[in-house]
Amino acid sequence: MSARTGRVRRAVGRALVDTSPLRRHAGFRRLWTSQFVASMGSQLTVVAVGYQTYRLTGSTGMVGLVSLGQLIPLLAGSLLGGPLVDAWDRRRVLLGTQVLLAAGVTGLAVNSMLPHPLLWPMFACTAEVAAFQGVDWAARRASLRRLVPPADLPAALSLQSAAFQTTLVLGPAAAGLLIAYAGFSLVYWLNVLAFGIAFGIVALLPSLRPAGGGHPAGAASLAGGVRYLRSSRPLAGAFLIDLGAMVFGMPRALFPALADTVFGGGAVTVGYLNAAPGLGALVGSLLTGHVWRVRRAGRAVAVCVTIWGLAIMGFGFASWLPAALALLVVAGAADVVSSVFRMLIVQQVTPDAIQGRVNSLMFVGLQGGPRLGDAESGAAAALGGPQFAAWSGGLLSVVAAVVTCWAIPQFWRYRNETGLAHGAGEAVAPRPRQAGGPAGRAGKSGEAGPEPGPAS
């Protein structure tokens, strides 16, 4: 009996996310801790902004406008920030983003302390914060492989994903309690404090200059990142397969209509439907101890996206709420595991000198895809109803995955590299001494030239 118990414990231990990089690598431990603290604070603010806007205006439409007002700064900041991440010491970039993010939240905190809080800071301050979120995300991803060896990258990516998914669950719950008992200002100031703590932790990191000393920021640098994304076939496949899954298969815009017309519920049912993918993503991120054993990351992404699409198809046909929630949990778990393998491909295929630009482009797809998916779902629902929109979207996600693997066979055949690309490719970053590194592996990885769950 004890031997069987031991085997079960070992099997469970192998399935759970591998935490050894946190123990072995002090630099990664600091990067991870700063991300967890800052993300927890940010989730507090996400809830507070929406609720305070509603309290100020009594309009859910205004809440949506505040969220929409963040989209252009978010995408523009991501695109323009990528070249900066590849031009400067990434540690200094992270220090700067913590200060700038804290400045925006400070504006929200000061506004909340006024006798009659104003509406315009809800737009201005959240837009300022959104403009630097993509820069912060790209800098953290670009710094990762300077802090952990190649063998530990899968576990490190899983840990980053698990940390983020945990904050998506704990942050909103804590925000609700804090707002109810202490008000909005305390929530905002706690977020400012979180960025301050993150600043102090990031300050302990070593210098993280891009390989070759950095590439001058500018339009040419950004264009080089786009060229690299297009020319690297595994990278292009990872970008397109995720974009297809989000554009066609993201069903969140359908949740209110389905809750009302199919499941016979109201706001509580809508809440359950929105929470189910997040729960699946959290569970999936905690059960990624196996990812280092998978050698074909491209096929793993394709399988996960197929599971996502099939689960969304089943959700579209479901009329019993528990079954629908279970399918959404499966979809969320498949999505987060897919994201780990996609980012593993990004880390392995992309030279260090261009990591910032490539990660910023992946972030644009990550943020823009679900919003395009909301529009696609609305159009499909107008044609055939919300259930049709859900199951047809899941089907199209599977079709898009199959087409991507057929059109880009290098992505389907991609095998995890034992080493990493170190040069930047002459077409992207003209440094001849750096270009020789990945050339020898170009044929093996299928490169012609020399990515990330539920939204908060």
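How each quantity is defined
Residues numbered from 1 in each chain as written. Predicted model: local features only at pLDDT ≥ 70, side-chain atom pairs only at ≥ 80, totals over all residues. Heavy atoms only, no water. Helix = DSSP H or I, 4+ residues; strand = E, 2+ residues; numbered from the N terminus. Expected span 1.5 Å × (residues − 1). Phe/Tyr/Trp six-rings, centres within 6.5 Å; stacked < 30°, edge-to-face > 60°. Buried < 20%, exposed > 50% of the residue type's maximum accessible area, 1.4 Å probe, protein only. Contact = heavy atoms within 4.5 Å. Axes fitted to C-alpha atoms, helices over the stretch in contact; angles between N-to-C directions. Parallel < 35°, antiparallel > 145°, perpendicular 65-115°, else oblique. Nonpolar A, V, L, I, M, F, W, Y, C, P; charged D, E, K, R; others polar. Core = buried A, V, L, I, M, F, W, Y, C linked by side-chain atoms within 4.5 Å. Salt bridge = Lys/Arg side-chain N within 4 Å of Asp/Glu carboxyl O. Bend = angle between axes of the 7 residues up to and from the residue. Left-handed = near helix turned anticlockwise from the far one by under 90°. Patch = residues over 30% accessible without salt bridge, like charges linked within 9 Å, V, L, I, M, F, W, Y side chains within 5 Å. Areas by Shrake-Rupley, 256 points an atom, 1.4 Å probe, with all protein chains shown as cover.

Chemist: Residue-level account of helix α3 (residues 26–57), with values.
Modeler: If you check α3, its first and last C-alpha atoms are 47 Å apart, about what 32 residues at 1.5 Å a residue would give, namely 46 Å. Downstream of α3 by a residue or two, Gly-58 has a phi angle that is positive, lying close to 70°.

Chemist: Outline the packing of aromatic side chains, listing residues and values.
Modeler: This structure, assessed with the given rule, holds seven aromatic pairs. An angle of 40° between the planes, with centres 5.1 Å apart, marks the rings of Trp-137 and Phe-363 as tilted. Taken together, the residues span a long stretch of sequence, with Trp-137 in helix α7 (residues 120–147) and Phe-363 in helix α16 (residues 355–384) at a distance of 226 residues. Here Trp-137 and Phe-363 have matching classes, each one buried. Look at Phe-255 and Phe-315: their rings are 5.9 Å apart centre to centre, the planes differ by 85°, and that puts the pair in the edge-to-face class.

Chemist: So what about the environment of Gln-43? Which residues, and what values?
Modeler: As for its position among the elements, Gln-43 is in helix α3. As a C-alpha pair, Gln-43 and Ala-174 span 131 residues in sequence and 9.1 Å in three-dimensional space.

Chemist: Please set out the side chain of Asp-152 residue by residue, giving values where relevant.
Modeler: Of note, Asp-152 is situated in the loop between α7 and α8 (153–182). What Asp-152 contacts, discounting residues up to four positions off in sequence, is Pro-21, Arg-24 and His-25.

Chemist: Describe in detail the packing of α8 against helix α9 (residues 184–202), supporting the description with residues and values.
Modeler: For any two helices packed against each other, one specifies the crossing angle of their axes together with the interaxial distance. Where α8 meets α9, the axes come as close as 7 Å, and the angle between the chain directions of the two elements is 135°. The pairing of α8 with α9 is recorded here as oblique in orientation. Packed against α8, whose contacting residues are Ala-175, Leu-178, Ile-179 and Ala-182, the element α9 presents Phe-184, Leu-186, Val-187 and Leu-190 at the interface. Looking at the contact of α8 with α9 residue by residue, the class counts come to eight nonpolar, no polar and no charged.

Chemist: Before we move on, can you summarise the nonpolar core with the specific residues and values?
Modeler: Of all hydrophobic cores here, the largest spans 84 residues; its most connected members are Phe-28, Leu-144, Ile-241, Leu-273, Trp-308, Phe-315 and Phe-411. In terms of residues, this core owes the most to one element, helix α15 (residues 321–349), which gives 14 residues. Trp-308 has contacts with Ala-245, Met-246, Gly-249, Met-250, Ala-331, Ala-334, Asp-335 and Ser-397, leaving out every residue within four places of it along the chain. Core analysis: the second largest hydrophobic core is formed by 21 residues, Ala-38, Cys-125, Ala-175 and Phe-195 among them.

Chemist: Requested: an account of the pattern of salt bridges, with residues and values cited.
Modeler: Overall, the coordinates contain eight salt bridges when judged by the stated rule. The partner of Asp-86 in a salt bridge is Arg-357, with the nearest N and O atoms 2.7 Å apart. Here Asp-86, found in the loop between α5 (71–85) and α6 (90–112), pairs with Arg-357, found in helix α16; they are 271 residues apart in sequence, far enough to count as distant. On the basis of relative accessibility, which here comes to 0%, the residue Asp-86 falls in the buried class. On the basis of relative accessible area, Arg-357 is assigned to the buried category, the value being 0%. We note a salt bridge from Arg-90 to Asp-352, for which the minimum N-O separation is 3.1 Å. With Arg-90 in helix α6 and Asp-352 in the loop between α15 and α16, this pair connects stretches of sequence that are 262 residues apart. Each member of the pair, Arg-90 together with Asp-352, is buried. Three or more residues joined by partner-sharing salt bridges are found here, namely Asp-86, Arg-90, Arg-146, Asp-352 and Arg-357.

Chemist: I'd like a rundown of α8, residues and numbers included.
Modeler: With 30 residues, α8 should reach 44 Å at 1.5 Å per residue; the first-to-last C-alpha distance of 41 Å fits that figure. For α8, the principal kink sits at Leu-168 and spans about 25°; a proline, Pro-172, occurs within the next four residues. Positioned one or two residues after α8, Gly-183 has a phi angle of 95°, which is positive.

Chemist: Please give an account of the packing of helix α11 (residues 233–249) against α16 that cites residues and values.
Modeler: As a packed pair, α11 and α16 sit with axes 7 Å apart at the nearest point and diverge in direction by 25°. As judged from the angle between their axes, α11 and α16 are roughly parallel. Helix-helix and strand crossings are classified by hand; for α11 and α16 the assignment is right-handed. Taken together, the residues of α16 that come into contact with α11 (itself represented by Leu-235, Phe-239, Leu-243, Met-246, Val-247 and Phe-248) are Val-358, Leu-361, Met-362, Gly-365, Gly-369, Pro-370, Leu-372, Gly-373 and Glu-376. Taken together, the residues of the contact of α11 with α16 break down into 11 nonpolar, three polar and one charged.

Chemist: Run through the environment of Ser-42, naming residues and quoting values.
Modeler: As for its position among the elements, Ser-42 is in helix α3. Sequence separation of Ser-42 and Leu-190 is 148 residues, and the distance between their C-alpha atoms is 9.4 Å. Residues within four places of Ser-42 in sequence aside, it is in contact with Asn-191 and Phe-195.

Chemist: I'd like to hear about a nonpolar patch on the surface, residue by residue, with values.
Modeler: Taken together, the side chains of Leu-16, Leu-279, Val-283, Leu-286 and Leu-287 make up a nonpolar region of the molecular surface, amounting to roughly 380 Å² of accessible area. With respect to the helices and strands, Leu-287 occurs in the loop between α13 (267–286) and α14 (297–317). Taking relative accessible area as the criterion, Leu-287 reaches 38% and is therefore assigned partly exposed.

Shape is all these values report; function is a separate question.
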